[in-house]
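Each chain, written out:
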Amino acid sequence: AVVSTRVREAVVSTQSTGCGQLGTGTTKRLDRASIIPFFKNKQVISAACGRNHSIVITLGQGSFAMGENVMGQLGIGGDSGKGKNIVNPRPVALKEQLKMAAGGHDFSLFLTQKGFLYSAGSSESGQLGTNDTGEYIDNRKTLFSAHATPSRIHSFFTLDQKTKTKVRIPQVLIRHISCGMHHSAAISTADHLFTWGFNGHGRLGHKTTENELIPMRVNHFRVSDKNQCVRIAKCSVGGVFAVNNIGTVYVWGMNNIARLECPYPIPIEDMYGWDVHDIAPGKQHHVIVADKSSISMGKQTKGELGMGPNTKSSSQLDKMNSVDGIPMLKCAAGIGHTLLLADDSSEEAKRLIEGLDVNED
C-alpha cells in the first residue's frame, strides 16, 4: 500500500510481491511502514495502487509510477520500461498536474486537475476507454499490444433509448475515477456515471454483458433529476458500488451483498437513511463508513471485518462495534485488511479514539 501523511511524504506499508511496486529500489519485502526516500522532499497529494504497481502524485513536481509494467500500465512512455519491473519511481509521461490516479489489474487511469482523463496499459477488454482492444495476430497467436504512453479519453457516450444507438455527449469533464480488475468507472463534473471495459456478470450496469470499449453513461441514474445523479462510485472486483445525491447506495454486477448477479443497479435496502461518506469494495469483504458508524460484511480471514476474533464471516452488513461513534472520513479494503481514516475534529471523537487499543508491534 502507498499512502501520504499529514506532512505529505509518501509512505509505504505491507509487503512487496516482487515487482518493485513500493518504489524503494528493491523487490524485498517490507513489513513496517517507512518513507520512500525518493519522495522525502516532495509534496505528495495523492497515491494509488493497482495489482502490482503504484502511482504517486506530487504538487507541482510531477507524478511517478513504479512496479510491474508488463503492459505499460505505469504510463511512463517509451519502450525502455515496457515489459519490465520498475523498482524506482519514474515520471508518468504527462506534463499536466494530476488530481488523482487509479490502478487496475494491468492498466491505469490518470485524472488531471482540469478534468481530462487519460489511460495506459492493457486494453484487452476495452478498459482504457479508447475504442480499441489492442488485439493483433503474431505467428498465429492472438496477442494484445501494450499502451505505455497515456492516451486521453476524448469521447463519452449514452445509449438513446428509442433508437438504441450510441450518442456522443459533448464537453464531458471528469471529477472522480475508479478501476476494477478489468473495468473502469468515472463520475463527471455533472455527476453522471460512466463505465466501460470488461462486462462479465453485467458489472458495467448497462443491462447487458457485452464489453464496452468506450465510456458509456449508466442510464439507470436519471440525468434529468439531480437527486438521482451519482456522488460516489467505486469498482469492486466484479461490479460497482454507487451512491446517489440523496444517499441511496446501489450495487450491481457480481457481488455478495445482493447475493445475485445483476446487470443493472439495485439499491441496498439495509443502507436506507444512512449518510454515506465512503465505500471500499474489497476482494472478499466490503466496508462502508456512514454517519458515525463503520459497517462491513464478507469473509474474515485476518480480522478485516473489524468485528473481533470470533467472527469468521458475515453475510449481512453489520457495525464494527469497537469504533462505533467515531466519524470516519475514508475507508479502504485490501486483501485481508481494512483501513479507516477518522475525523478527530470533535472532543467526543478524540475521547473515543484515545480509548482504542494501540498496536505498537
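Higher on the page you've got the structure.
**Comments concerning unusual backbone geometry**
- A positive phi is found at histidine 201, a non-glycine position, where the angle reads about 65°.
- Relative to the helices and strands, histidine 201 is located in the loop between strand S18 (193-197) and strand S19 (212-217).
- A relative accessible area of 31% means that histidine 201 is categorised as partly exposed.
- One non-glycine residue, aspartate 291, lies in positive phi territory at about 50°.
- Aspartate 291 gets classed as partly exposed once you look at its relative accessible area, which sits at 33%.

**What about the sheet that holds strand S8 (residues 98-103)?**
- Taking strand neighbours across the sheet as the criterion, the four strands line up as S8-S9-S10-S13 in an open arrangement whose pairing is antiparallel. The open sheet has two edge strands with one neighbour each: S8 and strand S13 (147-152). If you compare each strand with its neighbour and ignore which way they point, the axes differ by 20° on average.
- Here five bridges tie strand S9 (residues 107-112) to strand S10 (residues 117-121), and the two strands are oriented antiparallel to one another. Directly across from leucine 111, in S10, lies its bridge partner leucine 117.

**A short note on the pattern of salt bridges**
- Counted according to the given criterion, the structure contains nine salt bridges.
- Residue glutamate 212 is joined to lysine 166 by a salt bridge in which the shortest nitrogen-to-oxygen separation is 2.9 Å. Highlighted residues: glutamate 212 in strand S19 and lysine 166 in strand S15 (residues 166-169), separated in sequence by 46 residues.
- Judged by its relative accessible area of 11%, glutamate 212 falls in the buried class.
- Among the salt bridges present, the one from lysine 226 reaches aspartate 191, with a minimum N-O distance of 3.1 Å. You can see lysine 226 sitting in the loop between S19 and strand S20 (230-235) and its partner aspartate 191 sitting in the loop between strand S17 (183-188) and S18, a full 35 residues away along the chain.
- For lysine 226, a relative accessible area of 47% translates into the label partly exposed.

**Some thoughts on the nonpolar core**
- Leu109, Leu117, Phe156, Ile174, Ile177 and Trp196 are the most contacted members of the largest nonpolar core, which has 17 residues in total.
- Broken down by secondary-structure element, the contributors of at least two residues to this core are S8, S9, strand S16 (174-179) and S18.
- Among the nonpolar cores identified, the runner-up in size contains 16 residues, and Ile232, Val243, Val251 and Ile288 belong to it.

**Things to note about the packing of aromatic side chains**
- Counted according to the given criterion, the structure contains six aromatic pairs.
- For the pair phenylalanine 38 and phenylalanine 64, a centre-to-centre distance of 4.9 Å together with 70° between the ring planes defines the contact as edge-to-face. Here phenylalanine 38 is found in the loop between strand S3 (34-35) and strand S4 (44-49), whereas its partner phenylalanine 64 is found in strand S6 (residues 63-68), with 26 residues between them in sequence.
- For phenylalanine 38, a relative accessible area of 33% corresponds to the partly exposed category.
- Taking the relative accessible area as the measure of exposure, phenylalanine 64 reaches 7% and is therefore buried.
- Seen in terms of ring centroids, phenylalanine 39 and phenylalanine 64 are 5.8 Å apart; in terms of plane orientation they differ by 75°. Their pairing is edge-to-face. Of this pair, phenylalanine 39 sits in the loop between S3 and S4 while phenylalanine 64 sits in strand S6, and the two are 25 residues apart along the sequence.
- Aromatic rings pair up to connect Phe38, Phe39 and Phe64 into one cluster.

**Re the sheet that holds strand S25 (residues 285-290)**
- Read across the sheet, four strands follow the order S24-S25-S26-S27 without closing on themselves; strand pairing throughout is antiparallel. At either end of the open sheet lies a strand with only one pairing partner, and these are strand S24 (276-281) and strand S27 (313-319). Each adjacent strand pair in this sheet contributes to an overall mean axis angle of 10°, direction not counted.
- Two elements, S24 and S25, share five bridges in a ladder whose sense is antiparallel. Across the sheet, the residue bridging to alanine 280 is valine 287, located in S25.

Analysis parameters
- Residues numbered from 1 in each chain as written.
- Predicted model: local features only at pLDDT ≥ 70, side-chain atom pairs only at ≥ 80, totals over all residues.
- Heavy atoms only, no water.
- Helix = DSSP H or I, 4+ residues; strand = E, 2+ residues; numbered from the N terminus.
- Buried < 20%, exposed > 50% of the residue type's maximum accessible area, 1.4 Å probe, protein only.
- Pairing = 2+ DSSP bridges.
- Axes fitted to C-alpha atoms, helices over the stretch in contact; angles between N-to-C directions.
- Salt bridge = Lys/Arg side-chain N within 4 Å of Asp/Glu carboxyl O.
- Core = buried A, V, L, I, M, F, W, Y, C linked by side-chain atoms within 4.5 Å.
- Phe/Tyr/Trp six-rings, centres within 6.5 Å; stacked < 30°, edge-to-face > 60°.

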